[in-house]
Amino acid sequence: MQMFANGIVLTSQGIPFLHGGVELMRDKQEDHNSYQSPDAINQYYWQWKIDNADVFAYYRDAIALRRAHPAFRLTSWDAINQHMTSSRPRYGVVVNRIDGAAVGDSWSEIIVIYNSADNYTHSLPAGDWKVAMEKSDPAAGNGRVVSGSVVAEGTAVTVLYRD
């Protein structure tokens, strides 16, 4: 769930904010306002990086994806309004389409599917699309080619693109 939530943050427009240690599955032992709590609550346990290596790798890869593609980092409302459209094809699903070519991205078209419900089959525009992220994992897509439709898993971010 945490990776899904921050997958939305890292593939959305605007400046992303990640809490310190989120990539390590940091736990503050249910202290929701730890400002004056002792080090035992606020410290980082670096063993968590090893214990949660898959989560750490996810954040590393999602941040790299964002940094590599300016289409995820549009800098004004006008740019977002001109080059991105959003739709809600059904309950629990939001689909963003970004015109990457118009903003100088190496990906000419991008589709981002946020699915908080059960698996959803999304009909794709004609032609071949490459999968950059599925199951909220940037490493899972590996550029797999799909056409016609794609199944966006529940509680996950799916990113597709065309060169």
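Residues numbered from 1 in each chain as written. Predicted model: local features only at pLDDT ≥ 70, side-chain atom pairs only at ≥ 80, totals over all residues. Heavy atoms only, no water.

Draft legend 1. Broad picture of the packing of aromatic side chains. A complete count under the given rule lists four aromatic pairs for this structure. Each ring, one from Y58 and one from Y59, has its centre 5.0 Å from the other, and the planes form 75°; the classification is edge-to-face. Taken as a pair, Y58 and Y59 share a single burial class, namely buried. (Phe/Tyr/Trp six-rings, centres within 6.5 Å; stacked < 30°, edge-to-face > 60°. Buried < 20%, exposed > 50% of the residue type's maximum accessible area, 1.4 Å probe, protein only.)

Draft legend 2. Inspection of helix α4 (residues 53-68) at higher detail. Taking 1.5 Å of rise per residue, 16 residues should cover 22 Å, and α4 covers 22 Å from first to last C-alpha, within 8% of that figure. Among the residues of α4, those classed as buried are V55, A57, Y58, Y59, A62, L65 and R66. Looking at the buried side of α4, the elements it contacts are α1 (2-11), β4 (120-133) and α6 (138-141). (Helix = DSSP H or I, 4+ residues; strand = E, 2+ residues; numbered from the N terminus. Expected span 1.5 Å × (residues − 1). Contact = heavy atoms within 4.5 Å.)

Draft legend 3. Structural view of the nonpolar core. Ranked by size, the top nonpolar core spans 24 residues in total, and within it F72, W107, I110, V112, V157 and V159 carry the most contacts. If you list the elements that add at least two residues to this core, you get α1, α4, α5 (77-83), β3 (109-115), β4 and β6 (156-162). In terms of residues, this core owes the most to one element, α4, which gives five residues. Not counting residues within four places of it along the chain, the set of residues in contact with F72 comprises T11, S12, Q13, L65, R66, I98, W107, I110, V112 and V159. Core analysis: the next-biggest nonpolar cluster, separate from the first, contains 12 residues, V93, L124, V131 and L160 among them. (Core = buried A, V, L, I, M, F, W, Y, C linked by side-chain atoms within 4.5 Å.)

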